[in-house]
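Results of the structural survey
Now for the letters of each chain:
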Amino acid sequence: MFCTFGKGRTGAFCAIVEALAGATYEEIREDFMESMCNYYHVEEGTIEYEAVAHLYVDRVLYLYKHTEYINNYLAMDWSKMNFDDYVPEEVMTGYLINVSGIPQELIDAVKERIRT
């Protein structure tokens, strides 16, 4: 999967697929940041890298869990972001069911397919 930079829709779609495959939050964040490094020309381990990761990637992934803020993300109190209880597979499954309307059976079939 690719697009010009992979940071928007493609990056978000890849994050969903990775989560369904069982990837950890850290793995998803790191992969998402690959596209951000390409786009913003930041390097891993720098202050700029962490700023982009926090201000974009963390927030996008957090909104998948807190879908009530998707249409009004400016009302979100970003200082309260907590990823201690963030289980990507559960978060993305919930998003696909509750926001996208994809049936559980289809999600389970996708999980089975990408894990084998």
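Look a little higher up for the structure.
These numbers come from a predicted model, not from an experiment.

1. Structural notes on the packing of helix H1 (residues 9-21) against helix H5 (residues 104-115)
At a minimum axis separation of 8 Å, H1 and H5 run at an interaxial angle of 80°. With respect to H5, the axis of H1 lies roughly perpendicular. From H1, Val17, Ala19, Leu20 and Ala21 reach across to H5, where they touch Ile107, Val110, Lys111, Ile114 and Arg115. In the contact of H1 with H5, the residues fall into seven nonpolar, no polar and two charged.

2. Some points on helix H2 (residues 25-40)
In a regular helix each residue adds 1.5 Å, so 16 residues correspond to 22 Å; H2 covers 22 Å between its end C-alpha atoms and thus fits that length. Every buried residue belonging to H2 is among Tyr25, Ile28, Arg29, Phe32, Met33, Ser35, Met36 and Cys37, and all of these are buried. His41 lies just past H2 and shows a positive phi near 55°.

3. Thoughts on the side chain of Arg29
Within the secondary structure, Arg29 is located in helix H2. Look past the residues within four positions of Arg29 in its chain and what remains in contact with it is Glu50, Ala53, His54, Val57 and Asp58.

4. Describing the nonpolar core
Core analysis: the biggest nonpolar cluster contains 25 residues, and Ile16, Met33, Leu61, Tyr64, Tyr86 and Met92 have the highest contact counts within it. Of all elements in the fold, only H1, H2, helix H3 (47-65) and helix H4 (88-98) reach the threshold of two or more residues within this core. Not counting the four nearest positions on each side in its chain, Tyr86 is found in contact with Tyr25, Leu61, Tyr62, Tyr64, Lys65, Val91 and Met92. With five residues, the next largest nonpolar core counts Tyr62, Leu63, Trp78 and Met81 among its residues.

5. Overview of the environment of Ser79
Here Ser79 lies in the loop between H3 and H4. The class of Ser79 is exposed, set by a relative accessible area of 63%. Remark: the alpha-carbon pair of Ser79 and Arg115, spanning 36 residues in sequence, is separated by 35 Å. A distance of 2.6 Å separates polar atoms of two side chains, one belonging to Ser79 and the other to Asp77.

6. As for the packing of aromatic side chains
Counted by the stated rule, this structure contains seven aromatic pairs. On the numbers, 4.9 Å between centres and 70° between planes, the contact of Tyr25 with Tyr86 is edge-to-face. Highlighted residues: Tyr25 in helix H2 and Tyr86 in the loop between H3 and H4, separated in sequence by 61 residues. With a centroid separation of 4.7 Å and an interplanar angle of 85°, the aromatic rings of Tyr64 and Tyr95 are classed as edge-to-face. Here Tyr64 is found in helix H3, whereas its partner Tyr95 is found in helix H4, with 31 residues between them in sequence. Here Tyr64 falls in the buried class, since its relative accessible area comes to 10%.

So, how was this worked out
Residues numbered from 1 in each chain as written. Predicted model: local features only at pLDDT ≥ 70, side-chain atom pairs only at ≥ 80, totals over all residues. Heavy atoms only, no water. Axes fitted to C-alpha atoms, helices over the stretch in contact; angles between N-to-C directions. Helix = DSSP H or I, 4+ residues; strand = E, 2+ residues; numbered from the N terminus. Parallel < 35°, antiparallel > 145°, perpendicular 65-115°, else oblique. Contact = heavy atoms within 4.5 Å. Nonpolar A, V, L, I, M, F, W, Y, C, P; charged D, E, K, R; others polar. Expected span 1.5 Å × (residues − 1). Buried < 20%, exposed > 50% of the residue type's maximum accessible area, 1.4 Å probe, protein only. Core = buried A, V, L, I, M, F, W, Y, C linked by side-chain atoms within 4.5 Å. Polar contact = N/O pair within 3.5 Å; in protein donor to acceptor, adjacent residues only side chain to side chain. Phe/Tyr/Trp six-rings, centres within 6.5 Å; stacked < 30°, edge-to-face > 60°.

Treat this as a map of the structure, not an account of what it does.
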